[in-house]
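Report on the structure
In case you want the letters, here they are:
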Amino acid sequence: MNTVINTCAAFFNEIRKKNPLIHNITNYVTVNDCANAVLAIGASPIMADDIAEVEEIASMSSALVINIGTLNQRTITSMIKAAKKANEINIPVVLDPVGAGASTLRNKAVEELLSQVKIDVIRGNLSELSFIAGFEVSTKGVDASESDEKYNALDIAKLVCDRYSSIVGITGKIDIISDGNRYVKVANGHKLLSKVTGTGCMTSALVASFCGVTKDFYAATVAGIAAMGIAGEFAYEKAGRLGTGSFRNNIIDALSHMNSTYFLERVKIDEEKY
Amino acid sequence: MNTVINTCAAFFNEIRKKNPLIHNITNYVTVNDCANAVLAIGASPIMADDIAEVEEIASMSSALVINIGTLNQRTITSMIKAAKKANEINIPVVLDPVGAGASTLRNKAVEELLSQVKIDVIRGNLSELSFIAGFEVSTKGVDASESDEKYNALDIAKLVCDRYSSIVGITGKIDIISDGNRYVKVANGHKLLSKVTGTGCMTSALVASFCGVTKDFYAATVAGIAAMGIAGEFAYEKAGRLGTGSFRNNIIDALSHMNSTYFLERVKIDEEKY
Amino acid sequence: MNTVINTCAAFFNEIRKKNPLIHNITNYVTVNDCANAVLAIGASPIMADDIAEVEEIASMSSALVINIGTLNQRTITSMIKAAKKANEINIPVVLDPVGAGASTLRNKAVEELLSQVKIDVIRGNLSELSFIAGFEVSTKGVDASESDEKYNALDIAKLVCDRYSSIVGITGKIDIISDGNRYVKVANGHKLLSKVTGTGCMTSALVASFCGVTKDFYAATVAGIAAMGIAGEFAYEKAGRLGTGSFRNNIIDALSHMNSTYFLERVKIDEEKY
């Protein structure tokens, strides 16, 4: 019985009722898309990264998402400070390790974050999670490298879950979400999602949004990842042939209409235990 | 007789003829939308925030808009420097106090700006203006808090106008624009505007754009706020049901077509004196 | 015989096959559009500007584009460091001198870049290139000033090509691309392109994308500039009347469908020698 599916489905009403505030420390490339995705799904975004305010902003928020897409030395310090505060006041922290494996700066930032704070959810691609699992990767910038497909996503997920006591979401052709004991495979999505910048970042922001209304971060991660996959399918059906500009807008359109009915009709999920 | 309406209506031709340069020191979330809104209405945007160039950029501009949406310690200094130069050369300064009341950093930045420079127009939501008026607010991040509705927008506007000799625009379900002696209520807009990030920021950028072609900053504030409200109505009629992604694009579309005819046909405005 | 046209036409398949990684150090206004344009044409963008990582990121990339649209003192240092590394490892550097002539900061940054590193392609408007050629300009912010039309684009292009041994692309009503000995005039495009922010920046990002798959930077510059012009024409035909928001999305749509057939059917080009 697909128990996680029903938990996920209930989030869509819940989030529009509670309208949680989601603190985003994120990159300047896709920040606008992240804000609009968070709004579309029914939460409220706040972007704030100055070290002088991140603790206060985290304190009024229901979840924190840290995305290292265009990190710099100023924002790394803010990320750690915000995450420590989030730990202290017991709100969930979602990490999107964009480009982990691609530069020493990114690698060190991820290591610092994972060693100094409790990360509740890590959402990334196979290259990024393989790096976090301790393997040598050939990350192609911020996109997953094909040569990293030698690693098995289920193994990588379990390794990272166990090491950091985090929920792990690895997105790709088939998405894997795991808590270390069990996992789901999500088969939603469309390959055009990789031709629009920010679909990964938006996914992490959606995961954080759902984390803002539940203590079940495993289900929240499934919901966020599956919601983006389903939105990608709707967007492709409506506008895929028009081109990637129209497709992108239709992702936000689809998220703004997403609800438990669409979710239950569309989600393609397998639940398993290790 | 609605005298301000005719003044406003004349701006639409004027701005497309004069094409004023508008200096924006703004946030990285909605900066692209602000630039496109300024272009759509017929002005030219320039975004520049480094302390080494803000005075020169302000000097060639017709108006300056300061938006603290993602301020940091580097940009606060630039904001003050640019605004002082704007005062010196007598070009209008529009302040969008995004999230005032939400953090000490934002509060201090607003206080510094209001004490050190002359601000011609302040455009924000009720929570932000209530904070500036000196009341305790429960700002929900960058959005107005419902619990701040205990404050009366007309009273708040008058208080702030009187204290800072500024024009005040408070946007909400009904928008209030005041110069301290008189006020207008604008009933345009659509609730979906709150589900797209940047509609407030774009409104402030439009206000600054109109301030770039007139000395009547009261009318310019009315025009900017009403233009966004009307654009929201057009966008809803064209694309509201498609979702918030399409709705957002149609806001820019509507602004690019906005003219005195549409304005006069659509604007819902009441002019009053205190 | 239009030899450069066939070279250009071949790039469209080539870029989608090779999918080169393009390192962008760019502004926060149009960065999202640049990333989506690079993806649409078949390359992969990475945006990274911290001094601690720009050398590593450049080292894994096929081309570097430097855009000074919202430069600051932190990023100037990163730009120079990244460009020096690009020179060292022999990958092409494309410079978009946004707003050159408008402030001392921008002027100095451009001078520093041009004196310290080899720039393979400079893509800008007539005001920006006139400044680089050593003339006094009246740049209107980041847009070309009409009063700078006193300068002849062909002369300016030749001067800059000769001085810096760079390919020069000057975009305007008629685009000029030159290597100092020969030039092309490209007559594609639509005036609405100037009413959307970022079309210049996207053009430079496209030029860099094509530079990532060839050693013929002259042809790559022609291809990038003409591709944007043709995309503007398609976008106008599809959505120009809807407004600038829809027009903008259709630019990305058109880029995502661009191929050698559309290019050869549409391109309006004259090849000449000085």
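What counts as what
Residues numbered from 1 in each chain as written. Chains lettered and ligands numbered in written order. Predicted model: local features only at pLDDT ≥ 70, side-chain atom pairs only at ≥ 80, totals over all residues. Helix = DSSP H or I, 4+ residues; strand = E, 2+ residues; numbered from the N terminus. Rg over C-alpha atoms; globule rule 2.2 N^0.38 Å. Buried ≥ 20, exposed ≤ 12 C-beta atoms within 10 Å, placed from the backbone. Contact = placed C-beta atoms within 7 Å. Nonpolar A, V, L, I, M, F, W, Y, C, P; charged D, E, K, R; others polar. pLDDT = per-residue confidence, 0-100. Least-squares fit on C-alpha atoms with pLDDT ≥ 70 in both. Expected span 1.5 Å × (residues − 1).

**Things to note about the overall build of chain A**
- Counting secondary structure elements, chain A contains eleven helices and nine strands.
- Taking 274 residues into account, the globule formula puts the C-alpha radius of gyration at 19 Å, and chain A, at 17 Å, falls close to it.
- When the backbone C-alpha atoms are referred to their principal axes, chain A occupies close to 40 × 40 × 40 Å.
- Every one of the 274 residues in chain A was classed for burial, and the buried ones make up 68%.
- Considering only intrachain contacts with a sequence separation of at least 6, the fraction spanning at least 24 residues in chain A is 72%.

**Some thoughts on the interface of chain A and chain B**
- In this assembly, 28 residues from chain A lie in contact with 26 residues from chain B.
- Residue assignment for the side of chain A that touches chain B shows that the elements contributing at least two residues are α2 (31-41), β2 (44-47), α3 (54-59) and α10 (244-257) of chain A.
- A class-by-class count of the residues in the side of chain A that touches chain B yields 16 nonpolar, seven polar and five charged.

**Comments concerning the confidence of the model for chain A**
- Summarising the model, chain A shows a mean pLDDT of 96, and 99% of its residues fall at 70 or more.
- Complex prediction metrics read pTM 0.97 and ipTM 0.96.

**A closer look at the interface of chain C and chain A**
- Each partner contributes to the interface: chain C provides 28 residues, whereas chain A provides 26 residues.
- Of all the secondary structure elements, the ones that give two or more residues to the side of chain C that touches chain A are α2 (31-41), β2 (44-47), α3 (54-59) and α10 (244-257) of chain C.
- Across the side of chain C that touches chain A, the residue classes break down as 16 nonpolar, seven polar and five charged.

**What to know about the relation of the copies chain C and chain A**
- Mapping chain C onto chain A leaves a residual RMSD of 0.0 Å; the transformation is a rotation of 120° accompanied by 0.0 Å of translation along its axis. Such a combination of rotation and displacement between the chain copies is what one expects of a three-fold axis. The position closest to the rotation axis in chain C is occupied by the C-alpha of Tyr28(C), lying 3.6 Å away.
- In this assembly the copies use different faces: only 11% of the residues contributing to the interface of chain C also contribute to that of chain A.

**Description of helix α4 (residues 73-89) of chain C**
Residues and elements named next belong to chain C.
- Helix length check: α4, at 17 residues, gives a terminal C-alpha distance of 25 Å against a target of 24 Å (1.5 Å per residue), a fit within 8%.
- Listing the buried residues of α4 in full gives Thr75, Ile76, Ser78, Met79, Ala82, Ala83, Lys85 and Ala86.
- Considering only its buried residues, α4 is in contact with β1 (21-25), α3, β3 (63-67), β4 (93-96) and α5 (104-116).
- Following α4 by one or two positions, Asn90 adopts a phi angle in the positive range, close to 65°.

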